Amino acid sequence: MSIRVIKPGMLSTFQDLGRTGSQHLGVPVCGAMDSRSHRFANLLVGNTHDAPTLEITLMGPTLRFEQTCCVAICGADLSPTLNGDPILNHRPLIAHAGDELSFGARRSGMRAYIAWRGGPTLTPVLDSASTDLRGGFGGLEGRALRAGDHFELDTRLDPMRLDKAQKLIQTLRLILPAALVPVTPGTPLRLIRHPMADLFAPDAWERLSCDTFRIHAASDRMGYRLVGPELVLRDRTPLLSEGTSMGTIQVPPDGQPIVLMADRQTTGGYAKIASVACVDLPAIAQHMPGETIQFKPLDLVQAHALLTRREAAFQQLAAQLTPLHRALDAARH
Amino acid sequence: MRAWTIEPQGDTSLIIRLGEGLDTDICRRCAHLAEELRRAALSGVTDIVPAFNSVTLHISPSLDDALSSREGLLHDIDERIAAALARPLAEHAYRVIDIPVCYGGEYGPDLAELAQHCNLDEQAVIAAHSTAAAWVLMLGFAPGAPYVGIHDPLFDLPRRATPRTHVPRGSVAVAARQTIIYPQDSPGGWHIIGRTPLRMFDPLRPSPALLAPGDCLRFVPISPEAFVREQAAS
């Protein structure tokens, strides 16, 4: 009884909220690129927000269920289907043994997250199930899914006891709090100035916050390379490496900024000019290479207020889903 | 004047800086401070990352209380830094770890060139590298990968002009008065002078990383036979 991988998709990896707590040992955090969608998907099926989900990229996998399960997909719209019938993102559904989940054309975004009630059974490494692709550990054998893989789910649902959950799902009308609605494409991403920004020429900050940047093809889970006006370093004294975060924007000597993402190294030695606000990291993670982005400044007080609002929104959403979570709990084997 | 600064990096991390430049004592101070802050189990702080002259604190973005009590956190950190810096460096405990290294030959292809560059014979370079105790300054660039130093000025070399595309796991390499040990096969631009049979990182071990910031290392020269034997044993 498990879930079988018929086709792996372009890049499908198990991720949770990241391998935190070991960065001082040089261990990258990894984790979901779009943590908002990851948490949303977990919430829909009644998991804790750090349960592993499957992060799928552009071309989704084909998965066959060999047991009854409750599943939800959030993030990019990659035209999901169940047994060939279109299904909707952002809605939980009950799938049965023999059902096949697959994906078609990309309609929006870059990465989607599949959550199962109970989550997949994976052996944690340093307290996280996230796949570290470069390190080759975590997730499923430290790598992306391949055809023929299979994995177990932690929770078994009894198909005979799912009537109530099924009814609740059919009548479920979620009111999505504003803080959880994805930003419309083209909306500038919010930036917090880095204390090191003073190392740059006076116009660099203005260029970064006013001009348009294109996402380079060599952008991946490690970082987004941006192509745009050169951000000139005024002071070229070599810097000593220090801690970086997801969203930190570092600028190598060529003046082209790099937004560090989930698989970034724990430390970096390039000058830093800004950080993408935490609430907008999911938005950048949904951008494709070749697309353009713009930024606008935000201060720390506003950034913290937005984070607080997002947490409140997750709690509000959890409250709406409580009856469904109870019904799913009651249907456990 | 205070000997440190605390600056925000984005909305989810803070960088504490304890000084300027590359200096063993500042670096050890950072490692000890990171340990003290870790022991304090600060609410909402997920990672405490010491580097050459800084300690970065990562704060969970999904904890309401951590955000709303940012002022309290800053105050708390400030007091702990003051207390940690008030103690003489000699009072801080550290681990001493022996790192067996097979120098030169096929395991250290750059040793001969380095010796030539310094006008020394290979044995003198090995002695310079292995006699003085060295400190784990920080870990970075890969899981479990240490930066070790600060060595004798004779190891003040720039990196190789052309990085190698393949450096074997365990390679011990020098540049800029520091040593790095490659935890896995990877590309690399440092001068390889030897190889250790020890594994810097093994995700299947209870403690995957062998070394931690602030450890004191002693490089112990071993023969190729001992290398093969110890590698088989680990």
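Residues numbered from 1 in each chain as written. Chains lettered and ligands numbered in written order. Predicted model: local features only at pLDDT ≥ 70, side-chain atom pairs only at ≥ 80, totals over all residues. Heavy atoms only, no water.

Participant: Mind laying out the overall build of chain B, listing which residues take part and the relevant values?
Facilitator: Looking only at helices and strands, chain B has 6 helices and 13 strands in total. For a compact globule of 234 residues, the expected C-alpha radius of gyration is about 17 Å, and chain B comes in at 19 Å, within 12% of that figure. Along the first, second and third principal axes, the C-alpha atoms of chain B reach 60 × 40 × 35 Å. Here chain B holds 234 residues, and the buried ones make up 54% of them. When contacts within chain B are restricted to residue pairs at least 6 apart in sequence, those whose partners lie at least 24 apart make up 61%. Of the accessible surface of chain B, which amounts to about 10,100 Å², a share of 53% is contributed by carbon and sulfur atoms. (Helix = DSSP H or I, 4+ residues; strand = E, 2+ residues; numbered from the N terminus. Rg over C-alpha atoms; globule rule 2.2 N^0.38 Å. Buried < 20%, exposed > 50% of the residue type's maximum accessible area, 1.4 Å probe, protein only. Contact = heavy atoms within 4.5 Å. Areas by Shrake-Rupley, 256 points an atom, 1.4 Å probe, with all protein chains shown as cover.)

Participant: I'd like a description of the overall build of chain A, backed by residues and values.
Facilitator: For chain A, the helix and strand inventory stands at 5 helices and 20 strands. Each principal axis of the C-alpha distribution contributes one length, and for chain A these read about 70 × 40 × 35 Å. Residue burial in chain A is summarised as follows: out of 333 residues, 58% are buried. For chain A, long-range pairs separated by at least 24 residues make up 76% of all intrachain contacts whose partners lie at least 6 apart in sequence.

Participant: Mind laying out the sheet that holds strand β6 (residues 134-139) of chain B, listing which residues take part and the relevant values?
Facilitator: Strand pairing in a sheet is mediated by backbone hydrogen bonds. Such pairs are either parallel or antiparallel. Residue and element names in this part refer to chain B. Taken together, the 7 strands give a closed barrel; going around it, the order is β5-β12-β9-β10-β7-β6-β13, and neighbouring strands pair in mixed fashion. Neighbour-to-neighbour, the strand axes of the sheet open up by a mean angle of 40°, direction not taken into account. As paired elements, strand β9 (residues 171-175) and strand β10 (residues 178-181) share 4 bridges and run antiparallel to each other. If you follow A173 over to β10, its bridge partner there is I180. (Pairing = 2+ DSSP bridges. Axes fitted to C-alpha atoms, helices over the stretch in contact; angles between N-to-C directions.)

Participant: Help me get a handle on the packing of aromatic side chains, residues and values and all.
Facilitator: Counted under the stated rule, the structure contains 10 aromatic pairs over all chains. An aromatic cluster of three or more residues is present, and its members are B:F52, B:F141, B:Y147, B:Y182 and B:W190. One cation-aromatic arrangement involves A:R39 over A:F314; the distance from NZ or CZ to the ring centre is 4.1 Å. One Lys or Arg, A:R193, reaches over the ring of A:W205 and ends 5.3 Å from the middle of that ring. (Phe/Tyr/Trp six-rings, centres within 6.5 Å; stacked < 30°, edge-to-face > 60°. Lys NZ or Arg CZ within 6 Å of the ring centre and 35° of its normal.)

Participant: Any chance you could break down helix α1 (residues 35-45) of chain A for me, citing the residues and the numbers?
Facilitator: All names here are of chain A. Counting buried residues along α1, 10 of its 11 residues qualify, which places the element largely inside the surrounding structure. Among the residues of α1, R36, S37, H38, R39, F40, A41, N42, L43, L44 and V45 are the ones counted as buried. Looking at the buried side of α1, the elements it contacts are β2 (13-15), β3 (53-57), β5 (69-77), β10 (108-116), α4 (281-285) and α5 (300-330). Immediately downstream of α1, the backbone of G46 shows phi near 85°, a positive value.

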